[in-house]
Amino acid sequence: MLREVNFIEAEAIVQWHALPKPTLTGNPPILQNTGVASVEILGKLMNYDKNISPFKNTACSSCHMPYAAFSGPIPSVNLTMMAYPGSEHFRAGKRQAQRYTYSSYFPPLQYNATQGAFFGGNFWDSRATGYLLRDPAGEQSQFPPVDPLEMGNPDTACITYKLSLAAYRPLFEEVWGAGSFAISFPPNTASICATPNGAAVFGGSATPVALSPEDRTKSNNVYDHWAQSISAFEKSLSVSPFTSKFDAYLAGKYTLTAAEKAGYDLFRGKGNCNSCHLDGRSTAPAPTNLGAVDTGVAASTTPLFTCFGSANLGLPKNPRVAILYESTPDSFGFTPNPAGFTYTDFGLGEFLRSGYATAPSPNSSWTQFAPTSDGQMQTMTARDVALVPPQCTGGTDAPGPYFQKEFFHNGYIKSLKQLVHFYNTRDVYRMQVESGHCPAGTVEKVNCWPAAEVPQNQDMTVGNLGLTDTEENQIVTFMKTLTDGFTTPYPDINTYTGTCMTGGNASTQGNSTLLSAEELRAGAGARLP
């Protein structure tokens, strides 16, 4: 994977050098002809730059590669520990890597009093609110570089410092100004920035790089420009291009197959999928009106297949989540999760109360809604949910050849078949057991769903949809039409150099790696096997 990252970084450097010399003209000044390409390529260079991390071994793309729809690129991680190792490899987070695709279309987080719900933001818990930049995707890119469980820089000034040394510094200055790095960094900056965040030596300081107030302001401006550049890349045709079969279908340039059309009708009907993953059509028949029929046409030619909201889907706790095992100090004196296996991920609710292992909320008026938001996670777009390396022709599901992905915030679900089956039968086969302890005669994820990690506030519009096995499969078939790269090739899709997996069954995919929650709680497992 690191070789793949290096390859695409080198490709971006070639793209940069191929740009015509920019011309700054107009009032306000604009990089005429090359401005769009310049800022998008700058964002791409940043995205694949491993030197940004303390140990120069982790880029943004280390957890987000194009052949996985800019989500987790390592099948073995997706199958087991779920969260990706940070620059300090003995640390990992609590959630799976979200897809970049179309994330830049999410608006700033806001509370809709009429609907009584939050919409917008980025991250599973919406903590990248966009409150300052008014760009949640840009703000999202400012968290991982200093998150101790991800890149883990101890100070945002470290990113400014490393950008000042980057080979693509001239492009940054062309886009954002020649004086961007006129900053006096102290002599120990390199040493500080080579030490991961959370190290005891920093004493909890978020600003160990000693800058003057003026230089700190300049550094903060550079960090904002980092965010804006990354966001430009994410919204570019390199990441979010609207080139799927479904887009061609809306343009009258593709006819859905019988299975795809049946799946689409279920997606916007009996399956109730498009009530959250908006496709520009009504949901008919709706659960509240089973006789309804949608006779209209699509109201949008670029539907984003999300409502931008959040929901608690009642997922079981996943004993494989890496952070559950990080309860003792590491070699730098940092303890990621003192709570160990007792930790519960409350998602949006935890963020609204500025709680544990999230971010401070910028709006105190939101705190009152934390209890009713506990367990809620962002409704991701369904676009590109099935995007995999082209050689893995079986897609995401066994028997393959398939590319092992993970779904939902805690990676508990391992195939699209399981995902649809969960929506369909969650309440039919719900049992008050923990993962790894379904009763004899049942099979976890088939006819046994363990108890919800956060039982309150569950979304009750799903859970007992009455879909047949064939209908579940048809919805999966339709979701594959949302994969970009049909009308034009998806950029960098061919960079995967790993192997595809084969064998097994999509319904039980990943079950061989289930762990016993009870044994872990009792302390029988100190490390992930």
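Figured I'd write up the structure that's included with this text. (Residues numbered from 1 in each chain as written. Predicted model: local features only at pLDDT ≥ 70, side-chain atom pairs only at ≥ 80, totals over all residues. Heavy atoms only, no water.)

**Considerations on the pattern of salt bridges**
- Under the criterion given, the structure shown has 21 salt bridges.
- The shortest N-O distance in the salt bridge between Lys270 and Glu471 comes to 3.0 Å. Of the two residues, Lys270 sits in the loop between helix H10 (258-267) and strand E5 (310-311) while Glu471 sits in helix H14 (residues 469-479), which places them 201 residues apart along the sequence.
- For Glu471, a relative accessible area of 17% corresponds to the buried category.
- Where salt bridges share partners, they join Lys261, Asp265, Arg268, Arg281 and Asp294 into one cluster. (Salt bridge = Lys/Arg side-chain N within 4 Å of Asp/Glu carboxyl O. Helix = DSSP H or I, 4+ residues; strand = E, 2+ residues; numbered from the N terminus. Buried < 20%, exposed > 50% of the residue type's maximum accessible area, 1.4 Å probe, protein only.)

**A closer look at helix H2 (residues 35-47)**
- A rise of 1.5 Å per residue sets the reference length of H2, with its 13 residues, at 18 Å; its end C-alpha atoms lie 18 Å apart and thus fit the reference within 8%.
- By the burial criterion, the buried members of H2 are Ser38, Val39, Ile41, Leu42, Gly43, Lys44, Leu45, Met46 and Asn47.
- As for H2, its buried residues are in contact with helix H1 (2-17), strand E2 (30-32), helix H5 (156-165), helix H6 (169-176) and helix H8 (213-234). (Expected span 1.5 Å × (residues − 1). Contact = heavy atoms within 4.5 Å.)

**A look at the state of the cysteines**
- The final tally for this structure, using the stated rule, is three disulfides.
- Between the sulfur of Cys158 and that of Cys193 lies a disulfide, 2.1 Å long from S to S. Taking the sign of the S-S torsion, about -85 degrees here, the bridge from Cys158 to Cys193 comes out left-handed. On the criterion of sequence distance, the pair formed by Cys158 in helix H5 and Cys193 in helix H7 (residues 189-193) is long-range, its members being 35 residues apart. The same class applies to Cys158 and to Cys193, which are both buried.
- With a sulfur-sulfur separation of 2.0 Å, Cys438 is cross-linked through a disulfide to Cys448. Taking the sign of the torsion about the S-S bond as the criterion, the disulfide between Cys438 and Cys448, at about -85 degrees, is left-handed. Of this pair, Cys438 sits in the loop between helix H13 (416-425) and H14 while Cys448 sits in the loop between H13 and H14, and the two are 10 residues apart along the sequence.
- For the protein chain, the disulfide bridges join cysteines in the arrangement 1-2, 3-6, 4-5, where the cysteines are counted in sequence order.
- No disulfide involves Cys60; its sulfur sits 8.8 Å from that of Cys63, the nearest cysteine.
- Given a relative accessible area of 13%, Cys63 falls into the buried group. (Disulfide = S-S within 2.5 Å.)

**Brief notes about the side chain of Thr483**
- Examined against the element boundaries, Thr483 turns out to sit in the loop between H14 and helix H15 (517-521).
- A polar atom in the side chain of Thr483 sits 3.2 Å from the backbone oxygen of Lys480.
- Apart from residues lying up to four places away in sequence, Thr483 is in contact with Thr243, Ser244, Lys245, Asp384, Ala386 and Leu387. (Polar contact = N/O pair within 3.5 Å; in protein donor to acceptor, adjacent residues only side chain to side chain.)

**Structural notes on the side chain of Glu234**
- Residue placement: Glu234 occurs in helix H8.
- No salt bridge is formed by the buried Glu234; the nearest opposite charge belongs to Lys235, separated by 10.0 Å. (Lys, Arg positive; Asp, Glu negative; His and termini not counted.)

**Here's the deal with the environment of Gln391**
- Relative to the elements of secondary structure, Gln391 occurs in the loop between strand E6 (377-378) and H13.
- The class of Gln391 is partly exposed, set by a relative accessible area of 36%.
- With 271 residues separating them in the primary sequence, Gln391 and Gly120 have C-alpha atoms 35 Å apart.
- Beyond its immediate stretch of four places on either side in the chain, Gln391 contacts Pro401, Tyr496, Gly498 and Cys500.

**Here's the deal with the nonpolar core**
- Grouped together as the largest cluster of nonpolar side chains are 52 residues, with contacts concentrated most on Met46, Ile159, Leu163, Tyr168, Val209 and Trp226.
- Listed by contribution, the elements that provide at least two residues to this core are H1, H2, H5, H6, H7 and H8.
- With six residues, H8 is the single largest residue contributor to this core.
- Look past the residues within four positions of Leu163 in its chain and what remains in contact with it is Met46, Ile52, Tyr168, Arg169, Phe172, Phe181, Val222 and Trp226.
- Counting residues in hydrophobic clusters, the runner-up holds 33 residues, among them Ala248, Tyr264, Cys273 and Met479. (Core = buried A, V, L, I, M, F, W, Y, C linked by side-chain atoms within 4.5 Å.)

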